[in-house]
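Here's the letter readout for the chains.
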Number of protein chains: 2
Amino acid sequence: MTISKITTALALSLATASIASAQATTPPIVGFTSAGSQQQHALEAKAATLASPSSADALSRELSREPHMAGTPAQARTRDIFASELKKYGITPEIRTYSIYMPHPTSVHLYRVAPNATELSLSEGPIAGDTTSSSYPQILTFNGYGAAGDATGDVVYVNYGLIEDYKTLDSLGISVKGKIAIARYGRSYRGIKAREAEKHGAVALVIYSDPADDGFARGDIYPEGPMRPWTGVQRGSVYNDNGDPTTPDYPSLPGAKRVPLDQTNLPRIPVIPASYKNAAELLRDVRGGGELPRGWQGGLPFRYHVGPGPVRARVVVTTDAATHPYKDIWDVLGTIRGSEFPDQLVIIGGHRDAWGPGTADNISGTVSVLQAARTIGDLMKQGYRPKRTIIFASWDAEEWGLMGSTEFVEQDSARLSKNGAAYINFDEVATGPALGASGSPSLRPFFRDVTKVVASPEGNGSVYDAWRRTDRITADTAQPEIGDPGGGSDFAGFYNHLGIPIADWGFGGPMGVYHSAFDSYHWMSKFGDPGFKYHAAMGVLGAVALMRMADADIIPYDYVEYARAMRGLTATAAKNIAANKWGNVSTSALDSSINVMEKSAADFNAVRDAALARGVSPATRKQANETLMQVERAFVRPEGLPVTKREWFHNVIYAADNDNGYSNIGLPSINEAVKAGDQALSVREIADLSQRFLRAAGLLDSAARSLRTP
Amino acid sequence: MTISKITTALALSLATASIASAQATTPPIVGFTSAGSQQQHALEAKAATLASPSSADALSRELSREPHMAGTPAQARTRDIFASELKKYGITPEIRTYSIYMPHPTSVHLYRVAPNATELSLSEGPIAGDTTSSSYPQILTFNGYGAAGDATGDVVYVNYGLIEDYKTLDSLGISVKGKIAIARYGRSYRGIKAREAEKHGAVALVIYSDPADDGFARGDIYPEGPMRPWTGVQRGSVYNDNGDPTTPDYPSLPGAKRVPLDQTNLPRIPVIPASYKNAAELLRDVRGGGELPRGWQGGLPFRYHVGPGPVRARVVVTTDAATHPYKDIWDVLGTIRGSEFPDQLVIIGGHRDAWGPGTADNISGTVSVLQAARTIGDLMKQGYRPKRTIIFASWDAEEWGLMGSTEFVEQDSARLSKNGAAYINFDEVATGPALGASGSPSLRPFFRDVTKVVASPEGNGSVYDAWRRTDRITADTAQPEIGDPGGGSDFAGFYNHLGIPIADWGFGGPMGVYHSAFDSYHWMSKFGDPGFKYHAAMGVLGAVALMRMADADIIPYDYVEYARAMRGLTATAAKNIAANKWGNVSTSALDSSINVMEKSAADFNAVRDAALARGVSPATRKQANETLMQVERAFVRPEGLPVTKREWFHNVIYAADNDNGYSNIGLPSINEAVKAGDQALSVREIADLSQRFLRAAGLLDSAARSLRTP
């Protein structure tokens with residue numbers, strides 16, 4: 001696409017994504033001098049004029065033209081498109097190649113052995129009007145890292161396959177040992193379902209999408225609506241760790257030492273996904289198990305039963321593990337070197353790999369990162385130069401276990417730890433009008449400010465205004481919720497491993513084609529983001545956020561909000577501790593050190609604002625920023641989370657819940673010890689974390705001190 | 001069945017239904033002298049030994065051998081069985097014959113006109129193992145009092161067809177005018193659905209049973225489980241008033257004046273019920289109406305849409321209205337004349353008619369009434385004689401609009417008003433282990449006491465103990481809930497029209513064969529009450545309750561509990577008033593008159609207990625009882641409920657909700673005025689009711705005065 005084309009598209013799109021005009025004359029931006037604020041506002045106004053739904057549309061169509069799973073030639077094609085786009089924007093791309101242990105399936109079969117033996121069709125099938133569903137071979141319906149094998153057994157329905165579901169089965173005297181477990185998707189990461197099925201002795205696991213969860217019970221089904229059709233299948237990895245299983249903690253470069261497979265956490269049983277059409281064939285005739293436990297009925301048109309049997313199933317999976325287990329993956333990085341703080345890094349990224357065309361997951365994020373890159377590239381052609389270094393990243397093999405981002409983080413951990421200012425993650429960012437956000441509390445006020453200056457694609461005010469309407473916020477003083485960092489996307493390496501503040505944003509809506517062949521350009525242009533206005537808006541949000549973060553004289557963290565969030569986490573931990581009735585385990589040390597941190601943060605904010613009003617020398621700014629970037633690093637430690645043996649999870653503020661995979665656990669070092677009933681460890685972890693809050697407070701004090709000296 | 005057979009059955013059943021032994025030596029029974037209590041306890045212990053699951057089983061099978069709709073020869077057969085059973089017990093039966101306007105359908109047809117024109121099969125069909133479903137012709141699937149007609153139109157899905165559902169349709173700009181509405185059963189009496197569909201201009205209404213409400217989503221379907229199968233249909237009346245529509249307020253005796261049909265509230269459009277199998281054929285291809293309103297999706301395996309169309313349907317109903325509109329119905333009454341207060345009446349009853357075999361609805365109640373009669377009959381053979389008169393009633397045509405009980409109440413209103421002590425209703429009383437009860441607050445402590453002395457069929461204590469377990473009551477001071485009188489069964493005439501204290505009890509469980517051909521002996525013996533232990537227990541509960549009520553020296557009402565319940569109703573009314581923001585409408589007059597009533601009630605209870613401990617002369621007892629029976633009559637008035645034009649509803653404490661039919665509205669004279677926004681009337685009604693509470697208090701004072709004089 002040429003510049004002149006983009007400009008034309010821009011002119012047409014000004015109405016849909018522009019800097020909200022009422023906000024253009026607001027007071028100083030946090031972290032900027034008064035003069036710097038004026039410049040930045042002008043820059044942001046210009047950035048908004050560069051929004052281009054039509055270029056997003058064209059890029060989305062091009063990048064999602066065919067299925068492009070990690071480790072396939074189609075991913076080389078998307079790599080090259082991403083790199084060539086960066087070049088067009090004047091940004092030199094860099095390719096990082098990693099070699100990942102990643103067997104691909106060569107065949108997947110599912111049989112009902114009894115009654116009425118039949119092989120079930122696993123193809124999602126072509127859908128009229130959705131050209132990608134018929135023009136290219138669909139990727140086999142499989143779960144990444146499920147074992148190869150051939151297993152036959154009576155069917156047991158295990159509801160969502162959660163830990164509590166197996167407890168319920170235990171109470172009913174029903175075991176999956178030697179059986180084929182069938183679980184529905186939802187309520188946990190699928191890797192947890194695989195782990196629990198294997199732990200309980202199942203010989204194979206079938207995970208299906210129940211219509212009650214994302215099918216017809218939720219809305220019209222594709223192609224009539226956005227929800228999952230009868231043949232739709234959710235693929236996805238069932239690996240529970242992050243990064244190449246054979247290279248923990250270090251990058252999977254050529255020649256890297258590999259851990260033997262039997263020392264990894266890879267599943268030992270075949271695990272495959274299925275449509276609800278398939279599930280009906282397996283579940284309809286299951287009997288036994290007595291009265292169905294409350295909440296276990298799904299949306300298929302018969303009464304569900306737990307079993308086991310009399311339905312018997314057979315699962316057969318073959319892979320190329322013996323012949324070709326390692327695959328190359330490619331991250332693409334585009335770097336704009338900062339003018340004043342070139343070592344300090346502001347990073348935005350999203351994964352590029354998919355389980356099919358992946359128009360939502362995650363060509364939407366990929367395109368939005370490129371929109372931000374194009375916008376900043378265009379501004380650079382008009383003379384703009386960011387003060388900090390900006391990196392635009394396209395990660396590969398996220399779908400298999402955050403491979404691309406994790407290997408990058410492991411490879412560049414030294415510079416990232418020292419100089420990583422923030423990582424912004426774009427994953428599935430434009431599938432509807434509802435803004436959702438999560439991330440480190442230190443970046444929440446920053447994000448809210450950014451949304452206040454970007455126009456909502458629906459018109460009627462800013463993205464922030466629309467966000468409040470969606471979340472039904474009416475009180476003047478209330479704000480939309482921003483979630484805590486959970487699991488399941490590329491921010492994990494930055495946040496959980498290195499302690500870099502992260503944010504994860506996107507617009508969402510009803511979607512039942514997740515990880516299916518129907519996550520296609522046709523679905524996106526008809527249901528997810530007709531007109532690609534939300535893709536364009538994400539590009540503007542990304543560009544504004546990157547430039548504010550890169551250009552701020554003082555990085556705009558907010559450790560007052562952070563400390564307040566910590567108080568909420570401590571209250572929860574105290575409740576968990578109280579449930580153990582230990583009597584003499586107190587969290588008061590946490591409370592007081594958080595109070596100290598909040599006081600230091602408030603002092604710092606005041607000192608910062610005064611300094612910016614007064615003017616600060618480059619050397620002072622540099623020193624203050626370097627100190628500030630270390631505040632959140634106070635919460636990482638090399639030993640990670642010992643109770644759940646998650647050494648890689650260095651950050652002790654938030655982690656993915658080890659029993660859920662997607663959801664979040666706050667203060668994991670403490671809460672995992674409490675949950676394990678280990679009183680002595682709990683006491684030690686409270687002391688450890690209290691010290692870390694004090695250390696963070698000390699860093700804030702030190703940054704404030706440096707700013708007090710002009 | 002001969003007495004010797006019954007005795008044998010009794011010996012076998014002692015373990016399953018006996019007076020809970022731990023309770024046999026309890027303190028005096030409320031309303032009895034100390035000596036009387038001892039006698040009564042002995043009598044109750046004897047009654048318990050007469051419980052007979054096997055005779056209940058045999059009677060249930062016999063009475064539900066064939067479908068026996070009101071107005072058919074099969075109802076003459078059940079009439080004769082009931083009468084002959086009474087005779088066997090030594091009780092002389094009386095038959096009351098009424099002639100009711102009650103057209104029967106002669107044909108019912110439902111067509112899908114487009115797309116793919118087809119006639120839908122309305123037969124519920126035979127089910128293997130359920131002999132009644134195949135041995136006798138099934139009653140046509142129709143809604144009683146739906147109009148004859150032939151209507152064709154586009155289909156509109158109206159959810160439950162509630163008033164609020166039509167408000168939602170209005171907000172979507174969708175009208176049912178000239179269309180065929182299809183509503184699901186549930187959340188209201190079906191007559192309300194018919195009224196609203198007609199009011200909004202529908203040319204016909206189809207009411208179907210959604211599987212989410214009582215089908216496979218709730219449990220295994222018949223014959224595998226108790227829930228509704230694909231072809232199961234809920235018949236039932238769509239008439240909204242009580243009693244023969246052509247004889248309001250007076251009995252439908254031969255020669256009675258008849259109101260012209262166009263002055264009745266009978267439906268003007270055809271209304272028919274359907275299975276969910278039928279509904280799927282009508283709803284699957286409905287489109288339009290935009291996004292389905294929240295909560296409107298049912299359990300069929302496709303996305304529901306509101307329409308209208310493109311599906312078109314045709315409903316054709318013919319009836320015998322032109323040739324044979326009036327049918328004879330038969331109440332059967334068995335009276336045991338009281339020895340001391342022969343005018344004072346204690347009545348138990350249940351309807352006998354059904355929409356099919358009706359083993360649950362209501363042969364279970366019929367059999368249980370007979371079990372109570374047999375028990376008391378047997379005790380009389382051993383010399384027992386109740387002090388008050390006991391009437392065992394079998395009502396006909398309840399299913400069409402409480403015909404039999406209403407005509408009886410209208411015919412005998414004078415003696416009932418003066419001397420009706422209590423009416424106990426048995427309708428669908430043995431379909432599972434969960435006790436449910438509703439009724440006048442004045443009878444609640446009495447009922448709890450009765451359940452405490454009857455053994456639970458499940459073993460492990462009394463019915464009361466089991467009730468507490470079912471309701472998960474653990475606090476020592478808490479008690480299971482007893483509901484307020486709603487609508488939909490034969491207590492209405494006694495309670496709403498005459499102000500006689502009523503109670504409505506039964507054991508329930510999962511049931512999806514309501515008003516279907518599958519409400520059969522086979523269903524009952526497999527799912528509802530295998531072994532008929534709950535039928536037998538209901539017989540014991542009935543006998544004990546009747547004898548306590550009949551033999552008490554002072555009728556055991558509790559107007560302290562009553563007054564306290566009134567306080568709750570007043571609080572609700574005050575909330576409703578506050579919502580109108582009238583400012584100066586106060587319920588304080590109610591509060592203070594309820595306080596007066598509670599004080600009088602507490603005084604009366606103390607005086608009563610003292611008098612009973614001391615001994616009371618027959619004349620004093622008689623006078624006190626006659627006064628006591630008038631307390632609740634203070635709340636009836638001839639003008640009834642003017643706002644909803646329900647003149648027949650004389651009682652102003654509780655009424656069926658005019659917008660729902662089943663559920664209850666407290667203080668209807670006030671709350672209907674408030675809902676109508678009529679401030680002046682609300683003020684008048686508050687004053688009226690306050691006076692009635694004071695009058696009730698005065699009657700209690702007067703009863704106490706008579707007891708103070710020995």
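Small disclaimer: the values here were computed from a predicted structure and weren't measured.

What counts and how
- Residues numbered from 1 in each chain as written.
- Chains lettered and ligands numbered in written order.
- Predicted model: local features only at pLDDT ≥ 70, side-chain atom pairs only at ≥ 80, totals over all residues.
- Helix = DSSP H or I, 4+ residues; strand = E, 2+ residues; numbered from the N terminus.
- Rg over C-alpha atoms; globule rule 2.2 N^0.38 Å.
- Buried ≥ 20, exposed ≤ 12 C-beta atoms within 10 Å, placed from the backbone.
- Contact = placed C-beta atoms within 7 Å.
- Nonpolar A, V, L, I, M, F, W, Y, C, P; charged D, E, K, R; others polar.
- Least-squares fit on C-alpha atoms with pLDDT ≥ 70 in both.
- Domains from an automatic or database assignment.
- Axes fitted to C-alpha atoms, helices over the stretch in contact; angles between N-to-C directions.
- Parallel < 35°, antiparallel > 145°, perpendicular 65-115°, else oblique.
- Left-handed = near helix turned anticlockwise from the far one by under 90°.
- Core = buried A, V, L, I, M, F, W, Y, C linked by C-beta atoms within 7 Å.
- Pairing = 2+ DSSP bridges.
- Expected span 1.5 Å × (residues − 1).

Colleague: Help me understand the overall build of chain A in this model?
Modeller: Helix and strand content of chain A: 23 helices and 16 strands. For chain A, the C-alpha radius of gyration of 25 Å lies close to 27 Å, the compact-globule estimate for 710 residues. C-alpha extents for chain A along the principal axes are approximately 80 × 70 × 55 Å. Expressed as a percentage of its 710 residues, the buried residues of chain A come to 59%.

Colleague: Can you walk me through the interface of chain A and chain B in this structure?
Modeller: Each partner contributes residues to the interface: chain A has 11 residues there, and chain B has 11 residues. Each residue belonging to the side of chain A that touches chain B can be placed in one class, and the counts come to 6 nonpolar, 3 polar and 2 charged.

Colleague: Hey, could you run me through the relation of the copies chain A and chain B in this one?
Modeller: Each copy of the chain is related to the other by a rotation around an axis and a translation along that axis. Of the two same-sequence chains, chain A is brought onto chain B (RMSD 0.0 Å, axial shift 0.1 Å) by a rotation of 180°. Taken together, these values place the two copies in the relation of a two-fold axis. Proximity to the rotation axis, assessed at the C-alpha, singles out Pro301 of chain A in chain A; its C-alpha lies 2.9 Å from the axis. Interface overlap between copies is the fraction of interface residues in one copy that are interface residues in the other; for chain A against chain B it reaches 100%, indicating a shared surface.

Colleague: For this particular structure, what's the right way to read the domain arrangement of chain A?
Modeller: Residues and elements named next belong to chain A. Once the domains are mapped, chain A shows domain 1 (3-100 + 327-551), domain 2 (105-319) and domain 3 (559-708). For domain 2 versus domain 3, the separation of C-alpha centres amounts to 38 Å. Of the residues lining the interface, 9 residues belong to domain 2; the matching set on domain 3 comes to 5 residues. Across the side of domain 2 that touches domain 3, the residue classes break down as 4 nonpolar, 4 polar and 1 charged.

Colleague: Which parts of the structure should I look at to understand the packing of helix 19 (residues 559-580) of chain B against helix 22 (residues 668-675) of chain B?
Modeller: Each pair of packed helices can be summarised by the angle the axes make with each other and by the distance between the axes. All names here are of chain B. In contact at an axis separation of 10 Å, helix 19 and helix 22 are set at 15° when each is read in the N-to-C sense. On the basis of their axis angle, the class for helix 19 and helix 22 is roughly parallel. As helix 19 runs across helix 22, the sense of the crossing is left-handed. Contacts from Ala573, Asn576, Ile577 and Asn580 of helix 19 reach helix 22 at Ile670, Asn671 and Val674.

Colleague: How should I be thinking about the nonpolar core in this particular structure?
Modeller: Inside soluble globular proteins, nonpolar side chains tend to come together where they are buried. By size, the foremost hydrophobic cluster in this structure holds 213 residues, and its most contacted members are Ile182, Leu205, Val206 and Leu546 of chain A. Counting 212 residues, the second-largest nonpolar core is a separate cluster that includes Ala147, Ile207, Phe532 and Ala550 of chain B.

Colleague: Is there a simple way to think about the sheet that holds strand 5 (residues 180-184) of chain A in this case?
Modeller: Adjacent strands of a sheet pair through backbone hydrogen bonds, lying either parallel or antiparallel. All names here are of chain A. Strand order in the open sheet formed by 7 strands is 3-2-8-4-5-6-7, with mixed pairing between adjacent strands. Of all strands in the sheet, those bounded by a partner on one side alone are strand 3 (118-119) and strand 7 (271-274). With 6 bridges connecting them, strand 4 (residues 149-157) and strand 8 (residues 312-319) associate as antiparallel partners. The residue of strand 8 that forms the bridge with Gly149 is Val317. Contacts from helix 7 (residues 190-199) reach strand 5, strand 6 (204-208) and strand 7, with the element oriented near 150° to strand 6. The sheet strands contacting helix 9 (residues 276-283) are strand 2 (105-114), strand 4, strand 5, strand 6, strand 7 and strand 8, and the helix crosses strand 6 at an angle near 125°.

Colleague: Help me understand helix 19 of chain B, please; the structure alone is not making it clear to me.
Modeller: Side chains of residues three or four places apart in an α-helix project in the same direction, reflecting 3.6 residues per turn. Residue and element names in this part refer to chain B. Taking 1.5 Å of rise per residue, 22 residues should cover 32 Å, and helix 19 covers 31 Å from first to last C-alpha, within 8% of that figure. Among the residues of helix 19, those classed as buried are Tyr559, Val560, Glu561, Tyr562, Ala563, Ala565, Met566, Leu569, Thr570, Ala573 and Ile577. Against the buried residues of helix 19 lie helix 14 (444-452), helix 20 (588-614), strand 16 (664-666), helix 22 and helix 23 (679-708). Phi turns positive one or two residues past the end of helix 19, at Lys581, with a value near 55°.

Colleague: Whenever I open this one, the environment of Asn143 of chain B confuses me. Can you help?
Modeller: Residues and elements named next belong to chain B. Counting through the fold element by element, Asn143 comes out in the loop between helix 5 (132-135) and strand 4 (149-157). With 28 C-beta atoms packed within 10 Å, Asn143 lands in the buried category. Sequence spacing of Asn143 and Tyr189 is 46 residues, and the spatial spacing of their C-alpha atoms is 12 Å. Among residues more than four places away in sequence, those in contact with Asn143 are Arg190, Ile207, Arg235, Gly236, Ser237, Val238, Val271, Ile272 and Pro273.

Colleague: Explain the packing of helix 21 (residues 618-629) of chain A against helix 23 (residues 679-708) of chain A here, please?
Modeller: All names here are of chain A. Closest axis-to-axis distance for the helix 21/helix 23 pair is 9 Å, and the angle between their directions is 175°. Here helix 21 lies roughly antiparallel to helix 23, going by the angle between them. Across from Thr620, Gln623, Ala624, Thr627 and Leu628 in helix 21, the residues of helix 23 making contact are Leu699, Ser702, Ala703, Ser706 and Leu707. For the contact of helix 21 with helix 23, the residue count by class is 5 nonpolar, 5 polar and no charged.

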